[in-house]
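What follows is the residue order along each chain.
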Amino acid sequence: MRSIEFSKRTTKEILRDPLSYIFCLGFPIIMLIIMTAVDRSIPKEAQMKIFKIQSLAPGMAIFGLTFVMLFTCIQLSKDRTTAFLTRLYASPMKSVDFIVGYTLPSVVLALLQITITYVCSFIVAAITGGDLKFVNVLLSVTCLLPSVLLYIGFGLLFGALLNDKAAPGICSIIITLSCMIGGIWMDVDLMGGGIKSFSHSLPFYHGVKAVRMAVSGDMGDASRSLLITLAYATVIYILAIVVMQGKMKKDVR
Amino acid sequence: MNEKYGIQIQNLRKEFGSKVAVNDININIKEGQLFSMLGVNGAGKTTTIRMLMGLSKPTSGDALVMGHSILTELSAVKQISNFSPQETSVAPNLTVRENLEFFAKIYGADKEKASKLVEEMIEKFSLQEVEKSKAKTLSGGWQRKLSIAMALISSPKVLFLDEPTLGLDVLARRELWSIIEKLKGNMTIVLTTHYMEEAEQLSDEIAIMVNGEIKAHGTLEEMKRITGKDNLEDAFVSIAEGSGKTEV
């Protein structure tokens, strides 16, 4: 009950911040439109597939999740730096209420963002004649869930560790890593060498790869990528909970 | 006659490393009283009330809040007490009504009861004109009123007010005094303040803390009598600058 009430409050706090709409919803959609325009200006001979709607839509869905991470992080760090959280520590709320209260709204926001990104992708596909199948997209939403957990975990971890000034900076590193070596904006497999190995050792590449495979309808070895992403996500989320609980205990000392 | 105590502090001590913030204090606060804790910055007032609310663990000693130990019955203590911190502590993007409702519910009120309590608080604190405004858009005075209303919505038996009028203009301060005055007798209130005028106006009893110790404890008149001063500010300076404990 308390965790649900706290979730409602956190949801309202996030949704009533206009920046949430600009970054979580507006920015990925604008990028989707821009990248579609870029794709149309690339000669067919170049055989560039990354900006085709089949690759672009999953990339955008993950890109949107990086902003969910940012807002989760900012919300938690902001609460920590004000007396509001201290006040709640003095209430009958338990640590599980805080964890659920920060996680649940981010999950809802992530699902909302994924839905809007895919709806826009279908519109773009209809206009440009792109090939986007509903069943595959639906399957890809399932494949996005480990990434949802991963980015929320990062958001909670940085939000618990950093203040609201430092948190966005650290989140931007994860956003950049996701975009560049995660393969949202570029084909990492084409690069090879150290960058490729580094990219493959992190969850971002695998998260994007699994979702792209689902959207393309060719699941291939997607399960391996999904498992890698899920393993990272579980570790990061558990680490975030441990750090959050540690911070709460430290605040009450 | 047996006196009922809202709070009984027993050898409460708090150390931060080698620094003793609260030094084995003992004090009984009568139920329904407004008890003011005065002291210069770093005297140990806030640390003491943080321990009473479960926000800080005592190094040793204990305290009973309405008979419940802060060491072994903290959940019960949290359920029957509430507090308004000195900093702005409202959910900024929630409206006044939503802030009140949220606090009513986390203290266990169901939807119907929460709604009734919210109406009561809006009425009591004359929040009607701002009830639909987001908390972040309110002036400092309104935010402080809301903060205290949020603390009262759980109908606490013990209320902690940490410098409730800090930074407010004189009119807003007087208005809050009048609200706090009306609460007296209904619950035990522990107030920390730097404003002597505030303590004079509101307190049933006063304690003066210096370097983590209670240097004096008694009514306003007793404070003035033992120091030979005719106002609390002079009595406070006399006690804070003097050495040794002043039993009243």
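All of these numbers come straight from a predicted model, not from anything done at the bench.

**Some points on the overall build of chain A**
Turning to step 1, where the next piece is worked out: On a plain count of helices and strands, chain A comes out with 11 helices and 0 strands.
Turning to step 2, where the next piece is worked out: For 253 residues, the compact-globule estimate of 2.2 N^0.38 gives 18 Å, and the C-alpha radius of gyration of chain A, at 19 Å, lies within 12% of that figure.
Turning to step 3, where the next piece is worked out: By principal-axis analysis of the C-alpha atoms, chain A measures approximately 65 × 35 × 30 Å.
Turning to step 4, where the next piece is worked out: Going through the 253 residues of chain A one by one, you find that 48% of them count as buried.

**Focus on the sheet that holds strand β9 (residues 205-210) of chain B**
All names here are of chain B.
Turning to step 1, where the next piece is worked out: In space, the 6 strands of this open sheet follow the order β6-β7-β8-β3-β9-β10, with mixed pairing throughout. Two strands bound the open sheet, and with one partner strand each, they are β6 (81-84) and β10 (213-218). For this sheet, the mean inter-axis angle between neighbouring strands, taken without regard to orientation, is 20 degrees.
Turning to step 2, where the next piece is worked out: The pairing of strand β3 (residues 34-39) with β9 spans 5 bridges and is classified as parallel. Among the inter-strand pairings, leucine 38 is bridged to a residue of β9, identified as isoleucine 208.
Turning to step 3, where the next piece is worked out: Packed onto the sheet, helix α9 (residues 232-241) meets β3, β9 and β10 and runs at close to 35 degrees relative to β9.

**Here's the deal with the interface of chain A and chain B**
Turning to step 1, where the next piece is worked out: Of the residues lining the interface, 20 residues belong to chain A; the matching set on chain B comes to 22 residues.
Turning to step 2, where the next piece is worked out: Those elements that place two or more of their residues in the side of chain A that touches chain B are α1 (2-15) and α4 (83-89) of chain A.
Turning to step 3, where the next piece is worked out: In terms of residue count, the dominant contributor to the side of chain A that touches chain B is α1 of chain A (6 residues).
Turning to step 4, where the next piece is worked out: Of the residues contributing to the side of chain A that touches chain B, the split by class is 8 nonpolar, 3 polar and 9 charged.

**A short note on the sheet that holds strand β4 (residues 60-65) of chain B**
All names here are of chain B.
Turning to step 1, where the next piece is worked out: On the basis of which strands lie adjacent, the open sheet formed by 4 strands has the order β2-β1-β4-β5 and antiparallel pairing. In this open sheet, the two edge strands, each paired with only one partner strand, are β2 (19-30) and β5 (68-69).
Turning to step 2, where the next piece is worked out: Pairing of strand β1 (residues 5-16) with β2 involves 8 bridges; the strand directions are antiparallel. Residue isoleucine 7 lies in a different strand from β2, and its bridge partner there is isoleucine 29.
Turning to step 3, where the next piece is worked out: Its contacts with the sheet put helix α1 (residues 45-52) on β1, β2 and β4, and the angle it makes with β1 is roughly 115 degrees.

**Focus: the packing of helix α3 (residues 53-81) of chain A against helix α6 (residues 134-161) of chain A**
Residues and elements named next belong to chain A.
Turning to step 1, where the next piece is worked out: The interhelical angle for the contact between α3 and α6, taken along N-to-C directions, is 30 degrees, at an axis separation of 8 Å. Taken as axis vectors, α3 and α6 run roughly parallel relative to one another. For the element pair α3 and α6, the recorded crossing hand is right-handed.
Turning to step 2, where the next piece is worked out: Among the residues making up the contact of α3 with α6, the classes are represented as 17 nonpolar, 8 polar and no charged.

**Some remarks on the nonpolar core**
Nonpolar side chains tend to gather and get buried jointly when the protein is soluble and globular.
Turning to step 1, where the next piece is worked out: Val68 and Met69 of chain A together with Ala149 of chain B are the most contacted members of the largest nonpolar core, which has 147 residues in total.
Turning to step 2, where the next piece is worked out: In terms of residues, this core owes the most to one element, α3 of chain A, which gives 16 residues.
Turning to step 3, where the next piece is worked out: Discounting chain neighbours no more than four positions away, the residues touching alanine 149 of chain B are Leu100, Met121, Phe125 and Leu127 of chain B.

**Some points on unusual backbone geometry**
Residues and elements named next belong to chain B.
Turning to step 1, where the next piece is worked out: The phi dihedral of aspartate 24 is positive, around 50 degrees, even though this residue is not glycine.
Turning to step 2, where the next piece is worked out: Judged by local crowding, aspartate 24 falls into the partly exposed class, with 17 C-beta atoms found within 10 Å.
Turning to step 3, where the next piece is worked out: A positive phi angle is found at serine 126, which is not glycine, with a value near 50 degrees.
Turning to step 4, where the next piece is worked out: Following the sequence through the fold, serine 126 ends up in the loop between α4 (111-124) and α5 (140-152).

Conventions we followed
Residues numbered from 1 in each chain as written. Chains lettered and ligands numbered in written order. Predicted model: local features only at pLDDT ≥ 70, side-chain atom pairs only at ≥ 80, totals over all residues. Helix = DSSP H or I, 4+ residues; strand = E, 2+ residues; numbered from the N terminus. Rg over C-alpha atoms; globule rule 2.2 N^0.38 Å. Buried ≥ 20, exposed ≤ 12 C-beta atoms within 10 Å, placed from the backbone. Pairing = 2+ DSSP bridges. Axes fitted to C-alpha atoms, helices over the stretch in contact; angles between N-to-C directions. Contact = placed C-beta atoms within 7 Å. Nonpolar A, V, L, I, M, F, W, Y, C, P; charged D, E, K, R; others polar. Parallel < 35°, antiparallel > 145°, perpendicular 65-115°, else oblique. Left-handed = near helix turned anticlockwise from the far one by under 90°. Core = buried A, V, L, I, M, F, W, Y, C linked by C-beta atoms within 7 Å.

Scope: geometric values only; no functional claims are made or implied.
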